[in-house]
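# Inside the fold
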Amino acid sequence: MEDDDFRKIKELYEGEEDPVPAHSFENHVLEVYENAKGLLNGREVDEEVVEYAALLHDVGRQFPGEKGHAEKGAEVARKFLTEELDKDEEFVEKVSECIRHHSNRPHLDPPTREAELVWAADKMHAAGATGLCRFLLTLGAKKYSPEDAVDILERRVFEAEERLNRFGFEDLTEELEILKDFVKQYKEENHAPD
Ligand SMILES: [Fe+2]
Ligand SMILES: [Fe+2]
């Protein structure tokens with residue numbers, strides 16, 4: 001990616017509202033960008049689409065509204081790539097499609113190899129001890145109860161494992177083990193008395 005484009009995208013993240021620190025440009029977006037570049041290795045995808053989509057994937061969090069951040073991000077990115085970076089229509093559509101489908105909503109399954117890769121790069125940062133820490137901080141900031149947070153985590157892990165296997169990222173499922181162990185341990189400690 002050209003330095004100038006990188007700088008402009010970084011500036012876009014300085015938009016309207018700061019996300020929680022666990023989702024900031026430095027703490028999260030850059031990590032996903034690096035993950036995505038690491039996953040490119042040998043895969044038949046449009047690398048430029050993946051890089052721009054990874055770097056722009058959470059920009060919707062800067063512009064809160066009624067739409068989900070993925071949908072909003074796709075809209076913001078489409079306008080930005082066209083008007084600020086002068087990218088052609090086909091490229092813009094491919095990138096915004098990745099952004100629109102990067103969240104976990106089952107009806108928004110990633111439709112292209114590029115979108116699958118961006119989703120996996122994001123998911124990698126939601127796994128391991130780092131992902132667990134980020135998840136709990138994010139849901140805590142939204143005032144979720146511990147029980148609800150653990151239920152959501154359990155469901156997310158189940159869905160992530162299914163998608164990682166289906167998309168050909170089986171080797172990344174190891175990173176989910178710490179999350180599974182945590183859910184199991186939490187439930188053992190907090191099970192309802194008979
Ligand atoms: Fe996101
Ligand atoms: Fe993300």
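Scroll up for the structure.
This text gives an overview of the structure that appears in the document. (Residues numbered from 1 in each chain as written. Chains lettered and ligands numbered in written order. Predicted model: local features only at pLDDT ≥ 70, side-chain atom pairs only at ≥ 80, totals over all residues.)

This next bit is on the overall build of the protein chain. From N to C terminus, the protein chain includes nine helices and zero strands. Put simply, the protein chain runs from its N terminus to its C terminus through helices and strands in the order α-α-α-α-α-α-α-α-α. For the protein chain, the C-alpha radius of gyration of 17 Å lies close to 16 Å, the compact-globule estimate for 194 residues. With 194 residues in all, the protein chain has 35% of them scored as buried. Residue pairs at least 24 apart in sequence account for 59% of intrachain contacts in the protein chain once pairs closer than 6 positions are excluded. (Helix = DSSP H or I, 4+ residues; strand = E, 2+ residues; numbered from the N terminus. Rg over C-alpha atoms; globule rule 2.2 N^0.38 Å. Buried ≥ 20, exposed ≤ 12 C-beta atoms within 10 Å, placed from the backbone. Contact = placed C-beta atoms within 7 Å.)

What follows covers unusual backbone geometry. A positive phi angle, near 60°, is found at aspartate 86, a position not held by glycine. Despite not being glycine, lysine 143 has its phi angle at roughly 65°, a positive value. Along the chain, lysine 143 turns up in the loop between helix H7 (128-141) and helix H8 (146-166). Given 7 C-beta atoms within a 10 Å radius, lysine 143 is considered exposed.

Its place among the elements puts leucine 164 in helix H8. Those residues in contact with leucine 164, other than ones at most four positions away along the chain, are Ala120, Lys123, Phe169, Glu170, Leu172 and Thr173.

Running from N to C, helix H3 (residues 47-56) and helix H5 (residues 89-100) cross one another at 45°; their axes reach a closest spacing of 9 Å. As the angle between them shows, H3 and H5 are arranged oblique. Handedness of the H3/H5 crossing: right-handed. Taken together, the residues of H5 that come into contact with H3 (itself represented by Val49, Tyr52, Ala53 and Leu56) are Phe91, Lys94, Val95, Cys98 and Ile99. (Axes fitted to C-alpha atoms, helices over the stretch in contact; angles between N-to-C directions. Parallel < 35°, antiparallel > 145°, perpendicular 65-115°, else oblique. Left-handed = near helix turned anticlockwise from the far one by under 90°.)

Moving on, we get to the nonpolar core. Core analysis: the largest hydrophobic core is formed by 41 residues, its most contacted members being Ala53 and Val118. Those elements giving two or more residues to this core turn out to be helix H2 (25-40), H3, helix H4 (69-83), H5, helix H6 (113-124) and H8. With near-sequence residues (within four places) excluded, valine 118 lies in contact with Ala36, Val50, Ala53, Ala54, His57, Cys98 and His102. (Core = buried A, V, L, I, M, F, W, Y, C linked by C-beta atoms within 7 Å.)

In this model, H7 (14 residues) spans 20 Å end to end at C-alpha, consistent with the 20 Å of a helix rising 1.5 Å per residue. Of all the positions in H7, only Gly131, Arg134 and Phe135 are classed as buried. Buried residues of H7 fall within an arc of 100° about the axis and therefore sit on the same side. Across from the buried face of H7, at angles greater than 90 degrees, the exposed residues are Ala129 and Cys133. Buried-residue contacts for H7 involve H8 and helix H9 (177-190). Two residues or fewer past H7, lysine 143 is found with a positive phi of approximately 65°. (Expected span 1.5 Å × (residues − 1). Arc of directions from axis to C-beta.)

Our focus in this paragraph is the packing of H7 against H9. Orientation of H7 relative to H9, taken along the N-to-C sense of each, is 50°, at an axis distance of 8 Å. When the interaxial angle is binned, H7 and H9 end up oblique. The residues of H9 that touch H7, namely those facing Gly128, Ala129, Gly131 and Leu132, are Ile178, Leu179 and Phe182. Looking at side-chain class alone, the contact of H7 with H9 contains five nonpolar, two polar and no charged residues. (Nonpolar A, V, L, I, M, F, W, Y, C, P; charged D, E, K, R; others polar.)

Next up on the list: the environment of glutamate 175. Considering the arrangement of structural elements, one finds glutamate 175 in the loop between H8 and H9. Put simply, glutamate 175 and glycine 42 are 133 residues apart on the chain and 21 Å apart in space, counted from C-alpha to C-alpha. In this structure, glutamate 175 is in contact with Met124, Ala127 and Gly128, ignoring residues within four places of it in sequence.

In this section: the environment of leucine 85. On the secondary structure map, leucine 85 appears in the loop between H4 and H5. We classify leucine 85 as partly exposed; it has 16 C-beta atoms within 10 Å. Taking the C-alpha atoms as reference points, leucine 85 and lysine 8, separated by 77 residues in sequence, lie 8.6 Å from one another.

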